[in-house]
Every structure is written in structure tokens, then in C-alpha cells.
Amino acid sequence: MHLSFENIEIRSICEDESKGVIAYGPAVIEKLKNRLTDMLAARTVSEIPSIGNPRETMGNPYTHYIIDLCDGFYIIFSANHVTVPLLENGNVNWAEVSRIKILQIAK
């Protein structure tokens with residue numbers, strides 16, 4: 001899967017463990033590294049292991065996806081296709097999403 005980032009701060013935290021540890025602590029960053037590895041290994045979002053209570057949440061214009069890390073922190077991402085794959089009901093077809101954008105690491 002292809003990953004991009006909402007901004008340079010999130011990219012920096014995801015790519016530089018020392019910056020991430022300063023921002024969120026070692027336990028959260030260890031979980032983040034594991035989830036990012038899972039994402040990179042998957043071909044689509046539906047192939048990401050169901051660790052961390054993965055679920056959809058409201059987004060604009062389409063739903064986003066949340067995965068819990070630890071200590072109340074979670075990662076939020078969206079589909080990042082020029083034309084987002086959709087189901088007939090208008091929801092994102094995560095089984096066809098192979099490009100995502102990390103939007104936020106939050107609590």
C-alpha cells in the first residue's frame with residue numbers, strides 16, 4: 001500500500017522514531033511502527049490485520065479509518081486516490097483502497 005501524510009509534522013513523527021517518542025512516548029510509537037508496517041505490507045486497507053479495533057468514522061467528503069494504538073491514542077487515515085473507490089451505497093470501498101493518507105495521531 002502507498003502511504004502519504006497530511007503534513008510534514010505527521011510525516012516526521014512516522015518516519016523518525018526519536019521525534020515520535022518525544023511527541024507521544026515509546027509505547028505509542030512502538031504500536032505506531034507496528035501499524036505502519038502492517039499498512040505497508042498490505043495491498044489494500046481490507047488486508048490490514050484487525051489489530052487495534054479498526055473501524056470507519058465520519059470524514060469529509062468520505063469516511064475515514066481509525067486504528068487504536070495504545071494509552072488512548074489512535075491513528076486516523078483516509079483513502080488517497082484521485083477517484084476514491086466507492087460502494088453502491090456511497091461508502092468507501094476499503095477493499096479497493098491501496099493509497100492512504102495518514103491524517104492524524106490523536107487521543
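Residues numbered from 1 in each chain as written. Predicted model: local features only at pLDDT ≥ 70, side-chain atom pairs only at ≥ 80, totals over all residues. Heavy atoms only, no water.

The subject of this paragraph is the nonpolar core. Counting residues in hydrophobic clusters, the biggest one holds 28 residues, and the most contacted among them are L32, M39, V45, F77 and I102. Broken down by secondary-structure element, the contributors of at least two residues to this core are α1 (8-15), α3 (26-41), β3 (64-68), β4 (74-79) and β5 (99-106). Counting residues per element, this core draws most heavily on α3, which supplies five residues. Excluding residues that lie within four positions of it along the chain, V45 makes contacts with M1, Y65, F77, W94, V97 and I100. (Core = buried A, V, L, I, M, F, W, Y, C linked by side-chain atoms within 4.5 Å. Buried < 20%, exposed > 50% of the residue type's maximum accessible area, 1.4 Å probe, protein only. Helix = DSSP H or I, 4+ residues; strand = E, 2+ residues; numbered from the N terminus. Contact = heavy atoms within 4.5 Å.)

This part covers the environment of D16. Summarising the element assignment, D16 is placed in the loop between α1 and α2 (17-24). Residue classification places D16 among the partly exposed residues on the basis of a relative accessible area of 27%. Taking the C-alpha atoms as reference points, D16 and T37, separated by 21 residues in sequence, lie 14 Å from one another. Looking at D16, its side chain comes within polar contact range of the side chain of S18, at 2.6 Å. (Polar contact = N/O pair within 3.5 Å; in protein donor to acceptor, adjacent residues only side chain to side chain.)

We now examine the pattern of salt bridges. Counted according to the given criterion, the structure contains seven salt bridges. As a salt-bridge pair, R11 and E15 come within 3.2 Å of each other at their nearest N and O atoms. Of this pair, R11 and E15 both sit in helix α1, four residues apart, which is roughly one turn of that helix. Overall, the relative accessible area of 39% leaves R11 in the partly exposed class. The partner of K33 in a salt bridge is E17, with the nearest N and O atoms 3.3 Å apart. Of the two residues, K33 is situated in helix α3 and E17 in helix α2; the sequence distance between them amounts to 16 residues. Since its relative accessible area comes to 32%, K33 is described here as partly exposed. Here the salt bridges share partners, and the residues they tie into one network are E17, E30 and K33. (Salt bridge = Lys/Arg side-chain N within 4 Å of Asp/Glu carboxyl O.)

Turning to the pairing of β4, a few remarks are in order. With five of six residues buried, β4 is to be regarded as a mostly interior element. Bridge count for β3 against β4 is four bridges, and the pairing is antiparallel. Bridging across to β4, D68 finds its partner in Y74. Between β3 and β4, which pair antiparallel and follow one another directly, the connecting turn spans five residues, one of which, D71, has a positive phi of 55°. Where β4 lies against β5, six bridges are found, and the strand directions are antiparallel. (Pairing = 2+ DSSP bridges.)

Turning our attention to α3. If you check α3, its first and last C-alpha atoms are 23 Å apart, about what 16 residues at 1.5 Å a residue would give, namely 22 Å. Buried within α3 are the following residues: V28, I29, L32, R35, L36, D38 and M39. On the buried face of α3, the contacting elements are β1 (2-5), α1, α2, β3, β4 and β5. (Expected span 1.5 Å × (residues − 1).)

Honestly, it's all geometry; don't read function into it.
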